[in-house]
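The lines below spell out each chain.
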Amino acid sequence: MNTQAISEAQLHALADGVLPEEQRAALEAHLRQHPDDAARVDAWREQNRQLRALFDPVLDAALPAALLSATAPPAPAANGAWQRHAMQAAAAIVLVVAGGAGGWLLRGGSDGPTASASASVSLARSAAIAHAVYTPEVRHPVEVGAEQEAHLVQWLSKRLGTQLRPPVLSPLGYQLIGGRLLPGDGDGPVAQFMYEDGGGKRLTLYVAKERAGRQETAFRYTQEKELSVFYWIDGQLGYALSAGLPRQELGKIANAVYAQLEAPR
């Protein structure tokens, strides 16, 4: 296999440990000649390690006793009501397991689980994980720094197939420090822009290409411990703004971000 034919999918497969053995020698030769790709593979491996350390314990966690007891059948006379009750309880358990796997519970939102709502919750969960992985980094929090903003925007726009515009948050005290390209959840790559205030507090804007047909969503909010996320889907793009800020404070920034993104080009 020619090293010039190396694809990003192969790099991800190598990082995930699923690359076919017959391709490994060519990939390793490619990485020796392309240190940037080698650094990306190392970063993905470290991200995988951190995600496993963070979320593997959830797989062994017991379901809450209240949910387990909710599935216990009542007296036979209430058989019809029991079937409805069991279906509702099963749905609740599925939602708790799905939400618990990422550690994020939706606050508010629609009355029932729809495809659009599920997609937006996945967006928020992925954004929060990416925020938690990269904002603590001291030396390499971003892939391309703000001093190369034009290159960063051009590169990420090309990879996502749409023109991106990182919002200007300096009036709110946050300066762009750069961004990076991330693997998505099946809809293609994702862009992450990172900002920092004078005290070193960081926030991230996660931008993902959404599947065709998903409807626009209003602002939604989720929180886990001290990390807050405002997220929304607008046309072909999904956005998630994450920071360790109170809801009201992050909401003001989210409104400013949305206003800039909606402004005429």
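These numbers come from a predicted model, not from an experiment. (Residues numbered from 1 in each chain as written. Predicted model: local features only at pLDDT ≥ 70, side-chain atom pairs only at ≥ 80, totals over all residues. Heavy atoms only, no water.)

S.K.: I would appreciate a short explanation of the overall build of the protein in the present structure.
M.R.: The secondary structure content of the protein amounts to eight helices and eight strands. When the 265 residues of the protein are sorted by exposure, 39% land in the buried category. Contacts spanning at least 24 positions in sequence make up 59% of the contacts within the protein whose residues lie at least 6 apart. For the protein, the exposed area adds up to about 14,500 Å²; of that, 55% sits on carbon and sulfur atoms. (Helix = DSSP H or I, 4+ residues; strand = E, 2+ residues; numbered from the N terminus. Buried < 20%, exposed > 50% of the residue type's maximum accessible area, 1.4 Å probe, protein only. Contact = heavy atoms within 4.5 Å. Areas by Shrake-Rupley, 256 points an atom, 1.4 Å probe, with all protein chains shown as cover.)

S.K.: What should I look at first to understand the pairing of strand E3 (residues 175-182) in this one?
M.R.: Each regular strand displays side chains that alternate between the two surfaces of the sheet. A large share of E3 lies buried, amounting to six of its eight residues. In the sheet, strand E2 (residues 144-145) pairs with E3 via two bridges, with the strands oriented antiparallel. Within E3, the residue paired with Val144 across the bridge is Gly179. Where E3 lies against strand E4 (residues 190-196), seven bridges are found, and the strand directions are antiparallel. Across the sheet, Leu176 pairs through a bridge with Tyr195, a residue of E4. (Pairing = 2+ DSSP bridges.)

S.K.: Whenever I open this one, the pattern of salt bridges confuses me. Can you help?
M.R.: Pairing is possible between side chains that carry opposite charge, provided their charged atoms lie close to one another. Tallying each qualifying case throughout the model produces four salt bridges. Put simply, Glu21 and Arg24 hold a salt bridge, and the shortest N to O gap is 3.6 Å. Of the two residues, Glu21 and Arg24 both sit in helix H2 (residues 21-33), three residues apart, roughly one turn of that helix. Note that Arg202 and Glu196 form a salt bridge whose closest N and O atoms lie 2.8 Å from each other. The buried category is assigned to Arg202, whose relative accessible area is 16%. Taking the relative accessible area as the measure of exposure, Glu196 reaches 23% and is therefore partly exposed. (Salt bridge = Lys/Arg side-chain N within 4 Å of Asp/Glu carboxyl O.)

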